[in-house]
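The primary structure of each chain is shown beneath.
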Amino acid sequence: MRRRTLLRLSLEVELAVAPSATLEAALIEPVLKNALFVHGTIPSPYDAIVKELAGQQQVSRDRKASRRRAMLRKARKLVGDVESLLETLPSALDAITAAEQEVGSSDDMLPVRAALAIGGSISSPRLVFLLSFVRGCPAEQVDCGADPSSSHIDKARRKLVRTLMTHCGDLGNVNTGLSRLHLLLQAPQAACLPPPFQPRPAFRLKLQRAHACRVHFESMRPPSAVVDASCDGPSTLHCMLDRVGAPIDGFQWAEQDSDEGGVGTICSRIWFHATNSAVRGFGL
């Protein structure tokens, strides 16, 4: 049997302001919504489903409308699950920040990472988006820790969507069908994330049989601060940061000496899974 070719995409998105919990949650949201529709998990764009539900009149009780009612029930369930998850996301990211501060400066510069896995189960995803946020910012940036304005968030979202549309054409052909979408966050093991996020200390995100797209977010830096993209020198902080994280098999974030074929396990971070909050797709 001929083995299918797995896609391994890596994108860079420069932000006008330093990533924060608010901005990170705002950028995870469009990736989640677009992934549901583009890859065949839901029949129409997420926002169109929300709009249709908002203006939906009561469906008649005749036999012809039974299928329509069933579809609306599934749509309401999906929207409820997504909205509940997105409401919890900022507080979960704030909890990661608090945990990092308690851990100390050794983990201070590690990116915040999220994973959106689509498939029948979290252990066997067919498609995964790996999002990496570097919270450090240029020394000259004012109000580095402040929450971004709504205009900054809107611009960052539009830039992200343009990047995905421009560089993920091949990935758009991947149809996962009626699958579930799982959300995972990487955090120090001692972190206390709100429900539905639960720690999975022994969990490894296995991508040997999944298509994967890594999206790296970082604030714009002046030319003098840009590191060598070849990652050949020992001082390339950008690359060293990307070598460390909760265990991932089957995706090269950067060149490394790991014998696992994925990100090394040399730090104390683990995956936190939004347990019992997987977003289930539906069809017409």
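In this text, all values refer to a predicted model and were calculated from it rather than measured experimentally.

Another aspect to go through is the environment of Gln198. Position of Gln198 among the secondary structure elements: in strand 5 (residues 197-200). Judged by its relative accessible area of 37%, Gln198 is partly exposed. For the pair formed by Gln198 and Phe272, sequence separation is 74 residues and the distance between their alpha carbons is 5.2 Å. In contact with Gln198, not counting residues within four places along its chain, are Trp271, Phe272, His273 and Thr275.

Relative to each other, helix 1 (residues 21-38) and helix 3 (residues 66-103) sit at 150 degrees, their axes nearing to 9 Å. Relative to helix 3, the element helix 1 is oriented roughly antiparallel. Where helix 1 crosses over helix 3, the handedness of that crossing is right-handed. Contacts from Ala21, Glu24, Ala25, Ile28, Glu29, Leu32, Lys33 and Leu36 of helix 1 reach helix 3 at Val82, Leu85, Leu86, Leu89, Pro90, Leu93 and Asp94. In terms of residue class, the contact of helix 1 with helix 3 is built from eleven nonpolar, no polar and four charged.

Turning to helix 4 (residues 150-167), a few remarks are in order. Helix length check: helix 4 (18 residues) gives 26 Å between terminal C-alpha atoms against 26 Å at 1.5 Å per residue, within 8%. Taken as a whole, helix 4 has its buried residues at Ile153, Ala156, Leu160, Thr163 and Leu164. With its buried residues spanning 95 degrees around the axis, helix 4 presents them on a single face. Summarising the geometry of helix 4, the exposed residues directed more than 90 degrees from the buried face are Ser150, Lys155, Met165 and Thr166.

So, how was this worked out
- Each chain has its residues counted from 1, following the order in which its sequence is written.
- Totals for whole chains, interfaces and linings use all residues, but because this is a predicted model, local features are given only for residues with pLDDT of at least 70 and pairs of side-chain atoms are given and counted only at 80 or more.
- Working from all heavy atoms in the structure, the side-chain values ignore hydrogens and water.
- Put simply, DSSP marks the helices as runs of H or I at least four residues long and the strands as runs of E at least two long, and each gets a number from the N terminus on.
- Exposed residues in this analysis have more than 50% of their type's maximum accessible area, buried residues have under 20%, and partly exposed residues fall in between, with area computed by a 1.4 Å probe over protein chains only.
- In what follows, residue pairs with any heavy atoms lying within 4.5 Å of each other are defined as contacts.
- Orientation is described by axes fitted as lines to C-alpha atoms, over the contacting stretch for helices, and by angles from 0 to 180 degrees between their N-to-C directions.
- The labels follow the angle: roughly parallel below 35 degrees, roughly antiparallel above 145, roughly perpendicular from 65 to 115, and oblique for the rest.
- We call a crossing left-handed when the near helix sits turned anticlockwise from the far one by less than a right angle, and right-handed when that turn is clockwise.
- Charged means Asp, Glu, Lys or Arg here, nonpolar means Ala, Val, Leu, Ile, Met, Phe, Trp, Tyr, Cys or Pro, and polar covers whatever is left, Gly included.
- By definition here, a helix of n residues has an expected span of 1.5 Å times n minus one.
- The arc in question is formed by the directions pointing from the helix axis toward the C-beta atoms.

Remember, this is a structural readout, not a statement about activity or role.
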